Amino acid sequence: MPADAVPTAPAPGAAPVRIRPEIAALAPYRQGKQAGADAFKLSSNENPFDPLPSVVAALHSVIGVNRYPDASAARLRHRLADRFGVAPDEVHVAAGSVSILAQLLLAAASPGDEVVYAWRSFEAYPGLALIAGATPIEVPLTADSRHDLPAMAAAVTDRTRAIIVCSPNNPTGPIVTHDEFETFLRSVPDDVLVILDEAYAEFVTDPAAVDGMRVLGLAGHANVVALRTFSKAFGLAGLRVGYAIGHPRILDAARSTSIPLSVTAQAEEAALASLDAEVELLERVAHIADRRDRLVAGLRDAGWRIPDAQGNFLWLATGEDTVRVATAFEEGGLMVRPFAGEGVRISVGEEDAVEKILRIAASVVGTLPEGHSARG
Ligand code: PMP
C-alpha cells in the first residue's frame, strides 16, 4: 500500500477483506434446524431409517485413513456403469450431487452467461450459478407448482449455457413427465447443457415421470446429464456421495473443475454396500412413498391443497402465513422447512410423525384465510 493510502474500514458486518460483490451479497447457507431429542427432524428431506448393518460394516472395513482415497472412485463408477448399462467414463462420482451441479455450472458458464432453472426449486441453484459468475434466470413454476417447460424454453437466449430441470421438484413435489421433457429437449439448442436433477428419483411412483436413465438411452440427447444421489433413497446423506451419468466429455469438464479427492473411501464403500443391498433399501423407499401418499391423502381430506408429491416431502403453499404455520409444527415437535412468504416443506420421516403432522395440519388449515392457495 502506498505510504499515504488510508485504509478504508470495512462496512459494519462486512468481511475484513475484499470479496467479490456478488458473493458477498449471497445469503449464507442455513441448514434445516436440528431437532431436539423428542422432536422429529422433517426439514432436510433425509431418510429416517438407520443405516443397514451391512453398510455400517462396510464403513468399518476402511481402516487406512492415513491414505488418500481413490481419486476417481473407480470401483463405484464401474459398479454404477454396470447398474445402468453405460460405460465407466459416462459416470462421474463426487461428494454429493450438489458438488457435481457446481462443477457442471463452473465448466459450462462464464460471467455474462445465463443459467435457466425453475423457481421455486432447490435453493442451491441461484448461489451455484452466481458462484460460477453466471446470471441466474428464474422461470416461475405454474399455478400447480410444476415446471413451466415451455416458458423455460422461451427463456433460453444465445447466452444460455445450462438449464436445470428438477424432477421431482424440491420443494414443491411434482415431476416433469417424460413426454414434456422430450418436447422440451426438442425446443432448446442441442449445444446447451441440460442438467436433470433427479435427487429424489427413487421415490417416484408416477409412471409418466421422466427417467434420466431412459432419456440418456435415447438417441440425440448428448447434452443431457442426469444427477442422482445416495443421500436420499439410500440414506447416506451424512457421507456425501452422488453421481452423474452423461456424455464422457461433459463429465470430463466437470472432473476438471472438481476439488480432487473429495469422495472418501468410507463414502465409496458405503455406496457399494448400498448397491449390494439395493432391493432391501428400495423396500424402505416404498414404505416412505406409501407414507407420503397417506399423508397427502390425509391432508387433502383435512382441506389442504397439496401439489402432487413424488419425492420424500410435501409442500404446503402457506404464503404469507408460512412462518406462523411452521411455528405451529415446531411447537408440536415437528421441525419443518419454512420458505418465508411461500410455503412449508415437510419431509416424510418416521411413521410416528404421520399422525402428528395430520393432527397439527388439521388444526392449522382452518386458521388460513378463505380462498388461500393452500386451502382446497
Ligand atoms: N438436488 C436436489 C433437488 C436436492 O434437494 C438435493 C438435496 N437437498 C441435492 C440435489 C443435493 O443432494 P446431495 O448433494 O446430498 O447429493
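What you see is a predicted model; the values in this text were computed from it and never measured.

## Examining the environment of A199
Right, on to step 1. Within the secondary structure, A199 sits in the loop between β6 (193–197) and α8 (212–217).
Right, on to step 2. Accessibility expressed as a relative area gives 11% for A199, which makes it buried.
Right, on to step 3. When the C-alpha positions of A199 and L227 are compared, they lie 6.7 Å apart, and in sequence the two are 28 residues distant.
Right, on to step 4. When near neighbours in sequence (up to four residues on either side) are disregarded, A199 contacts L227, T229 and K232.

## What about helix α9 (residues 248–257)?
Right, on to step 1. Those residues of α9 that fall on the buried side of the exposure criterion are P248, L251 and A254. Buried residues along α9 cover an arc of 115 degrees about the axis, so they all sit on one side. For α9, exposure combined with an orientation more than 90 degrees from the buried face picks out R249 and S256.
Right, on to step 2. Turning to α9, the residues buried within the fold contact β2 (91–94), α4 (97–108), β7 (224–229) and β8 (242–245).

## As for the layout of surface pockets
Gaps between atoms show up when a probe of the same size as a water molecule is rolled over them.
Right, on to step 1. If you add up the space inside the second largest pocket, you get close to 410 Å³.
Right, on to step 2. The wall of the second largest pocket is formed by 23 residues, among which A94, Q103, S258, I259 and S262 lie closest to the centre.
Right, on to step 3. Where the lining of the second largest pocket is concerned, the elements lending two or more residues are β2, α4, α5 (124–131) and α9.
Right, on to step 4. The element that contributes the greatest number of residues to the lining of the second largest pocket is α4, accounting for five residues.
Right, on to step 5. Here the residues of the lining of the second largest pocket sort into 14 nonpolar, seven polar and two charged.

Basis of the calculations
Residues numbered from 1 in each chain as written. Predicted model: local features only at pLDDT ≥ 70, side-chain atom pairs only at ≥ 80, totals over all residues. Heavy atoms only, no water. Helix = DSSP H or I, 4+ residues; strand = E, 2+ residues; numbered from the N terminus. Buried < 20%, exposed > 50% of the residue type's maximum accessible area, 1.4 Å probe, protein only. Contact = heavy atoms within 4.5 Å. Arc of directions from axis to C-beta. 1 Å grid on protein atoms, 1.4 Å probe; cavity = no way out; pocket = protein on both sides within 12 Å on 5 of 7 lines; lining within 4 Å. Points joined across faces, edges and corners; volume = space filled by probe spheres on them. Nonpolar A, V, L, I, M, F, W, Y, C, P; charged D, E, K, R; others polar.

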